Each structure stands twice: as structure tokens, then as C-alpha cells.
Amino acid sequence: MSAADRTAVVTGASSGIGAATARQLAEAGYRVVLTARRKDRVETLAAELTAAGHRAEAYALDVTDRAAVDAFAASLDRYPSVDVLINNAGGALGTEPVAEGDPADWRAMYEVNVLGVLHMTQALLPALRASGDGTVLILTSTAGHAAYEGGGGYVAAKHAAHTIAATLRLELVGEPIRVIEIAPGMVKTEGFALTRMRGDESKAEAVYAGVRSPLTADDVADTITWAITRPSHVNIDLLVVRPRAQAANHKVHRES
Ligand code: NAP
């Protein structure tokens, strides 16, 4: 099946990596369904893509709300098929050490980064299976593969998201569904550091201070689009992508 017949659902498409991925998949010929809580943002991007001749629709959705996710999944029967699910919605809250972390922050990170992925994947799996050639992509992080001080609940949640990908791949083997994990390192996006630093712009900017060329949302969208557009029998199990200036979560070269 060519991209022209295919539909991709992207979570967290209102900002950063999700928005860039929706744009690149639309440019690759997919019909894209952009979802996020901020309805105005996904509607604006979908309108922009439609005006450029692509097929894009917006849907306001909180991935932590199971009833809303089920209603969204039911609404997808208007498309000929649902072929790709990009589980991108997520993020971090705080940089406190484990000893001082707020359980409410840990719970919130688990809700979006883990249960959000679970809700979306469970709800869309029947349609992905019915497509005869489905793909579930989970955007984890290098925080899902190694701990770092202050990573706390985000590291724990992304490790869990990694485990969903690894387990699902085992459980679905033999079915026409690929399970792909993309694990980026440092990406300078619109919202990630600002959310983590609870809206403090100077602390958010300091995350990238002196780092020459952190990854951009487009860089990660490019790896996602590449993985999705491989032939159906090629499953990119796990792709770790970092900027050249970062050799490990805690090993970042800063020039000033
Ligand atoms: P971002 O600009 O803050 O985007 C986060 C997106 O997630 C937004 O579109 C947001 O939309 C959405 N979102 C958050 N909570 C949601 C919820 N409950 N339901 C639905 N959507 C929700 O950050 P980003 O850097 O692009 O992050 C995208 C993904 O990449 C996340 O999973 C993040 O953990 C991961 N990642 C980021 C980096 C990095 O350094 N930036 C590195 C590795 C992995 P609304 O607020 O409109 O709902």
C-alpha cells in the first residue's frame, strides 16, 4: 500500500516533535490525524497542511483520559484504514533528586508517558491489525535507557515506555504490525524544557546553554519518518539519536 492510501495518527501534535512529525508524514503523503489537548494548535496546523494540499485533520485529545481515547478510536472508522500510530505525547516535570521528588509529579509523568501510550495502543490496535500492515511507534528517550541524577520520575516513566515497546513486539510477532521505538537524546523543542522547568524560561534556556546544535524537532521527525517509510518487513526495533555534542545523558559538551 502506498502512503497515499494510509492514515497516521500522531499524539502530541500541537508542539515540538509531534508537530514536526505530523508535517513530515503529511509531506510523505500520509493522511495525518493530529491530536493534542490544545485544540487551537492542532486545528491551526491541520489547516495549514490542508492549505498546502496535504490531508490533515485535528482532534482534541488528552491521552490520559481513557474514555476520550476510546471515543477517538471509534471516530476513526470514517477512514479506509488506520495504519500508523505515533505515540509521541509526553514530557518531564521537575529535576529533583529521588529523595525530594513530588509523588504527584511522578504520577503525572507516568500517566502521560506510560498510560497514555497504553491507552492509545490498546484502543487503536484492532484498527492497526485490520489494516493488514500497521505500525506502532513509541517515542521514548535516552532517559528510557540510562539513569541520570535528577532524572527521577521521567527516567522511570520512559523506562516503562521502553518496556511497553519491547513487550508488545514480542507479543505481536507473527502479526502484520511493526513496533518501533525511537529514543532521542537532547532535543531543543518548544515545550520540553519549559514544561520540565515549570514555565521558568531562564532555567529552560539553561538546559541548552553552550551546546552547539542540539537536535531539533525536525531532526527527530526525520528519523521517525524514515523508520515508518521502510518497507513493511523492516522493523526498526530501536533507534537512539543524539546530537553530536552529547555522548551520554550526563556527558554533554558545552562551549561556554
Ligand atoms: P513539547 O514541545 O513539550 O511537546 C509535547 C507534546 O505532548 C505537546 O504537543 C503536548 O500537547 C503533548 N501532550 C502533553 N501531555 C499530553 C496529554 N496528556 N495528552 C495529549 N497530549 C499531551 O515536547 P517535545 O520535546 O516535542 O516532546 C515530545 C516527546 O518527545 C515527549 O514524549 C518527550 O518525552 C520526548 N522526548 C523529548 C526530548 C527532548 O529533549 N525534547 C528528548 C527525548 C524524548 P498539549 O499540551 O497540547 O496536549
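The structure displayed is predicted, hence computed values, not measured ones.

Undergrad: Tell me what's going on with the site of the ligand, and back it up with residues and numbers.
TA: Residues in close proximity to the ligand total 29 residues, the closest being Ser 15, Arg 37, Asn 88, Tyr 154 and Thr 189. Note that an oxygen atom of the ligand is positioned 2.8 Å from one of the side-chain N or O atoms of Ser 14. Val 63 is positioned with one of its backbone polar atoms (N or O) 3.0 Å from a nitrogen atom of the ligand. Sorting the residues of the shell around the ligand by element identifies helix H1 (16–27) and helix H5 (152–172) as the ones contributing at least two each.

Undergrad: Now, about the pairing of strand E4 (residues 84–87): what can you tell me, with residues and values included?
TA: Side chains on a regular strand alternate between the two faces of the sheet. By the alternation rule, side chains of E4 split into Val 84 and Ile 86 and Leu 85 and Asn 87, which are all buried. Taken together, the 3 bridges between strand E1 (residues 7–11) and E4 define a ladder with parallel strand orientation. Residue pairing across strands places Val 10 opposite Ile 86, the latter belonging to E4. Examined bridge by bridge, E4 and strand E5 (residues 134–139) share 4 bridges and lie parallel to one another. The residue bridging Leu 85 from the neighbouring strand is Val 136, located in E5.

Undergrad: Give me the nonpolar core: which residues, what numbers.
TA: If you look at the biggest cluster of nonpolar residues, it comprises 36 residues, and the most contacted ones within it are Val 32, Leu 34, Ile 182, Ile 224 and Ile 228. Formed by 35 residues, the second largest nonpolar core is a distinct cluster that contains Met 120, Leu 124, Tyr 154 and Ala 160.

Undergrad: So what about the side chain of Thr 225? Which residues, and what values?
TA: Turning to its location among the elements, Thr 225 is positioned in helix H8 (residues 217–228). Given the relative accessible area of 10%, Thr 225 is considered buried. Once residues within four sequence positions are removed from consideration, Thr 225 is found in contact with Gln 24, Leu 25 and Ala 28.

Basis of the calculations
Residues numbered from 1 in each chain as written. Predicted model: local features only at pLDDT ≥ 70, side-chain atom pairs only at ≥ 80, totals over all residues. Heavy atoms only, no water. Near = heavy atom within 4 Å. Polar contact = N/O pair within 3.5 Å; in protein donor to acceptor, adjacent residues only side chain to side chain. Helix = DSSP H or I, 4+ residues; strand = E, 2+ residues; numbered from the N terminus. Buried < 20%, exposed > 50% of the residue type's maximum accessible area, 1.4 Å probe, protein only. Pairing = 2+ DSSP bridges. Core = buried A, V, L, I, M, F, W, Y, C linked by side-chain atoms within 4.5 Å. Contact = heavy atoms within 4.5 Å.

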